[in-house]
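A closer look at the structure
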Amino acid sequence: MRIDVVSIFPEYLAPLELSLIGKARQDGLLDLHVHDLRDFTTDKHRSVDDTPYGGGAGMVMKAEPWAQALASLTEARRDGVARPVLIVPSPAGERFTQALAYELAEEDQLVFACGRYEGIDERVIEWAEDHFTVRPMSLGDYVLNGGEVAVLAMVEAIGRLLPGVVGNPDSLVEESHSDGLLEYPVYTKPASWRERDVPAVLLSGNHGKIAQWRRHEQYRRTAERRPDLLETFDAGKLPRADRTF
Ligand SMILES: Nc1cc(-c2ccc3ccn(Cc4ccc(CN5CCCC5)cc4)c3c2)n[nH]1
């Protein structure tokens, strides 16, 4: 998979050089490029923003630098490959979920446009529809200062699903949201810690009982912390967790 990220703060994406995603890039499992939007400006001040039409606080990101930057990325595309998906982090986007992470992990190329200020001139989104599959995407119902933090989260959630990135793919199946429920609690040595013992069933060696206990814990936790997910789960609308890549 190829991922391109465009931002006025490319250094914000430096954490993607670390840990599992960093190793996936070194191993050639993930082809990730970060681009500085200012490299696509033409004025001597390398300006990327201007005042909003209609008034209001703050500044809006100019359209032309974005069109230049995004056009350069579609040209990088190999012939015969599906249109790249342009993901635009936004408080007004569709909600990013584990199901979407699975779906996007199957794409050939993802391009992330990190807005700042009060957002990007809307005409960029309209223009991009001719070159990309455009998906405004929200990380959650809160307002960040820009798209970079959302991109870090989405690239990690998507990248870890790619073949070979996570050492043991089995660990991807039994995690929160992969089967529609929250994950079960985990424990490790010592068996007794500050007078708190590991649930005896986990020391029993009875794998049927252990699986049963874990499933029950998933239900209990989900009912307690995220009853909204239970409605989805009970309705059988499970996110795709059975997909293998
Ligand atoms: N899930 C999630 C994603 C984000 C996110 C993603 C990209 C950008 C780019 C700029 N901002 C800051 C920001 C500030 C003010 C407004 C609200 N204004 C009211 C009138 C016009 C706009 C919107 C946006 C982002 C925020 N936040 N949360």
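All of these numbers come straight from a predicted model, not from anything done at the bench.

This brings us to the environment of proline 91. If you trace the backbone, proline 91 turns up in strand E5 (residues 85-95). You can call proline 91 exposed: its relative accessible area is 56%.

What follows covers a nonpolar patch on the surface. A surface patch of nonpolar side chains, about 410 Å² in accessible area, is lined by Phe9, Tyr12, Tyr142, Leu144 and Val149. Tracing the backbone shows valine 149 in helix H5 (residues 148-159).

A word on the side chain of arginine 2. With respect to the helices and strands, arginine 2 occurs in strand E1 (residues 2-7). Engagement of the side chain of arginine 2 in a polar contact is seen with the side chain of aspartate 4, the distance being 2.7 Å. A polar contact of 3.5 Å, which involves the side chain of arginine 2, links it to the side chain of histidine 33.

Within the structure shown, the criterion is met by one aromatic pair. Taken together, a centroid distance of 5.6 Å and an interplanar angle of 80 degrees make the contact between tyrosine 219 and phenylalanine 233 edge-to-face. You can see tyrosine 219 sitting in helix H7 (residues 207-225) and its partner phenylalanine 233 sitting in helix H8 (residues 227-234), a full 14 residues away along the chain. Given the relative accessible area of 35%, tyrosine 219 is considered partly exposed. By relative accessible area, phenylalanine 233 is classed as buried at 13%.

Time to look at the pairing of E5. With three bridges connecting them, E5 and strand E6 (residues 109-113) associate as parallel partners. Bridge assignment links valine 85 to a residue of E6, and that residue is leucine 110. In this fold, E5 hands off to helix H3 (residues 98-104), which returns the chain to E6; that crossover is right-handed. Sheet topology note: the E5/strand E7 (residues 133-138) ladder contains seven bridges and is parallel. Bridge assignment links proline 89 to a residue of E7, and that residue is methionine 137.

What counts, and where the lines are drawn
Residues numbered from 1 in each chain as written. Predicted model: local features only at pLDDT ≥ 70, side-chain atom pairs only at ≥ 80, totals over all residues. Heavy atoms only, no water. Helix = DSSP H or I, 4+ residues; strand = E, 2+ residues; numbered from the N terminus. Buried < 20%, exposed > 50% of the residue type's maximum accessible area, 1.4 Å probe, protein only. Patch = residues over 30% accessible without salt bridge, like charges linked within 9 Å, V, L, I, M, F, W, Y side chains within 5 Å. Areas by Shrake-Rupley, 256 points an atom, 1.4 Å probe, with all protein chains shown as cover. Salt bridge = Lys/Arg side-chain N within 4 Å of Asp/Glu carboxyl O. Polar contact = N/O pair within 3.5 Å; in protein donor to acceptor, adjacent residues only side chain to side chain. Phe/Tyr/Trp six-rings, centres within 6.5 Å; stacked < 30°, edge-to-face > 60°. Pairing = 2+ DSSP bridges. Right-handed = clockwise from strand over helix to strand, strands pointing away.

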